[in-house]
Amino acid sequence: GIVDLQRQQRFDYVVVESSGISEPLPVAETFTFDDRSSGTLLKDVARLDTMVTVVDGVNVLDHMASSATTASAGQAAYEGDERPMAQLHMDQIEFANVI
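Bear in mind the structure is a predicted one, so any value in this text is a computation, not a measurement.

Procedures and definitions
Residues numbered from 1 in each chain as written. Predicted model: local features only at pLDDT ≥ 70, side-chain atom pairs only at ≥ 80, totals over all residues. Heavy atoms only, no water. Buried < 20%, exposed > 50% of the residue type's maximum accessible area, 1.4 Å probe, protein only. Helix = DSSP H or I, 4+ residues; strand = E, 2+ residues; numbered from the N terminus. Arc of directions from axis to C-beta. Contact = heavy atoms within 4.5 Å. pLDDT = per-residue confidence, 0-100.

Caption draft 1: Focus on helix α5 (residues 85–95). Looking only at α5, the buried set comprises Met-85, Ala-86, Leu-88, His-89 and Gln-92. Angular distribution of buried residues about the axis of α5 spans 165°; they occupy a single face of the element. Considering only its buried residues, α5 is in contact with α2 (24–29) and α4 (60–65).

Caption draft 2: Expanded view of the environment of Ile-93. Along the polypeptide, Ile-93 turns up in helix α5. When its relative accessible area of 22% is taken as the criterion, Ile-93 is described as partly exposed. In this structure the C-alpha to C-alpha distance between Ile-93 and Thr-53, which are 40 residues apart in sequence, comes to 6.5 Å. Setting aside anything within four residues of it in sequence, one finds Ile-93 in contact with Thr-53, Val-55, Met-64 and Ile-99.

Caption draft 3: Spatial organisation of the confidence of the model for the protein chain. The predicted model of the protein chain has a mean per-residue pLDDT of 85, with 96% of residues at 70 or higher. Taken element by element, the protein chain is modelled with least confidence in strand β1 (residues 34–35), mean pLDDT 70, and with most confidence in α4, mean pLDDT 92.

Caption draft 4: Fine view of the side chain of Thr-69. Tracing the backbone through its elements, the reader meets Thr-69 in the loop between α4 and α5. We classify Thr-69 as buried; its relative accessible area is 18%. For Thr-69, the contacting residues outside a window of four places in its chain are Glu-82, Arg-83, Pro-84 and Met-85.

If you want it as structure tokens, here you go:
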């Protein structure tokens, strides 16, 4: 994992890619992870530098106006998750510091 990569001292940066439409907060929360096997907190060896989201500029307005929900789009984070997909897209945009 990232802790092992840091110990090797071979890389200055690591890119963590979350495919598809994903919740930004759990990705960021990864940096509070406690590696119990080594007793190391990820935040002690790495820092979250940048959150990037890619926006489909051609279709973004249509996506925001859509009535699709996370459940109907197969993107539910939990059972009963019926948030508008537009809200998930907006969460990604608001959370990112590079769009």
